[in-house]
Amino acid sequence: MSSPYHPYDPHDRHHPHDPFSPSPRYPAPPATPSPSYATYPWQPPVPPEPTAPPRHRTPDHPPLGHHSDLRILRTAYRWQRRVATLTALGYFTLFLILSAGAPGFMTSTVTDGLPVGLLLALLQLPVTWLAIWLYEHTASRYVDPLADRIRKEAAVDAKRDAGKREAGR
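Here the structure is a predicted model, which is why all the values come from computation and not from measurement.

### Describing the overall build of the chain
Tallying secondary structure elements over the chain gives four helices and two strands in all. Traced from its N-terminal end to its C-terminal end, the chain shows the element sequence α-α-β-β-α-α. Per-residue burial over the chain gives 15% buried out of 169 residues. Look at the contacts in the chain between residues 6 or more apart in sequence, and 56% of them connect residues 24 or more apart.

### Points about the UniProt feature "transmembrane region" (unreviewed entry) in the chain
UniProt tags residues 83–102 and 114–135 as "transmembrane region" (unreviewed entry). Regarding residues 83–102, the helix share stands at 95% and the strand share at 0%, and the terminal C-alpha atoms are separated by 27 Å.

### Things to note about helix 1 (residues 68–101)
Side chains of residues three or four places apart in an α-helix project in the same direction, reflecting 3.6 residues per turn. In a regular helix each residue adds 1.5 Å, so 34 residues correspond to 50 Å; helix 1 covers 46 Å between its end C-alpha atoms and thus fits that length. At L86, helix 1 shows its largest bend, some 25 degrees. Here helix 1 has its buried residues at D69, L73, A76, Q80, A84, T87, Y91 and F95.

### Comments concerning the confidence of the model for the chain
Within the chain, residue pLDDT values average 77, and 63% of them lie at 70 or more. For the chain, the element scoring lowest by mean pLDDT is helix 4 (residues 124–168), at 86; strand 2 (residues 114–115) scores highest, at 94.

Cut-offs and rules
Residues numbered from 1 in each chain as written. Predicted model: local features only at pLDDT ≥ 70, side-chain atom pairs only at ≥ 80, totals over all residues. Heavy atoms only, no water. Helix = DSSP H or I, 4+ residues; strand = E, 2+ residues; numbered from the N terminus. Buried < 20%, exposed > 50% of the residue type's maximum accessible area, 1.4 Å probe, protein only. Contact = heavy atoms within 4.5 Å. UniProt positions renumbered as here; feature names shortened; annotations may be inferred. Expected span 1.5 Å × (residues − 1). Bend = angle between axes of the 7 residues up to and from the residue. pLDDT = per-residue confidence, 0-100.

Written as structure tokens, this is what we have:
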């Protein structure tokens, strides 16, 4: 015959004052899988399941973001700016240095009544025109063709990507 609950029964696994002991009235919840987040932050994340690589034709050239033409374009444009700027500002700086450092030279005359300083000052306008011409020349010869080629390649890449997206729907 079974006796009522005895607090010191060694065969009874439930103890009413122990919150961690299993309760006969409330069974333990079913086991759940491990959480999807990292339990221990110092452990590396679990690598994802390997998937088969997508099957598509690789382009003949790398994508535009990795293209060396952008670096070449930036370099050409940088040189274009430097040449035009140094032409105009270099001449003007030379004129200022001569005006401050060599007043005897600047006041000497080239012809009757035309001092060297005035001649150099009047040459500032043609030198500025030369700088503008150099800028336009290097743009039309080097920078613009590179930019046009990159623009065309970007348009082709965009059409190709749009076609892939349409095919994937």
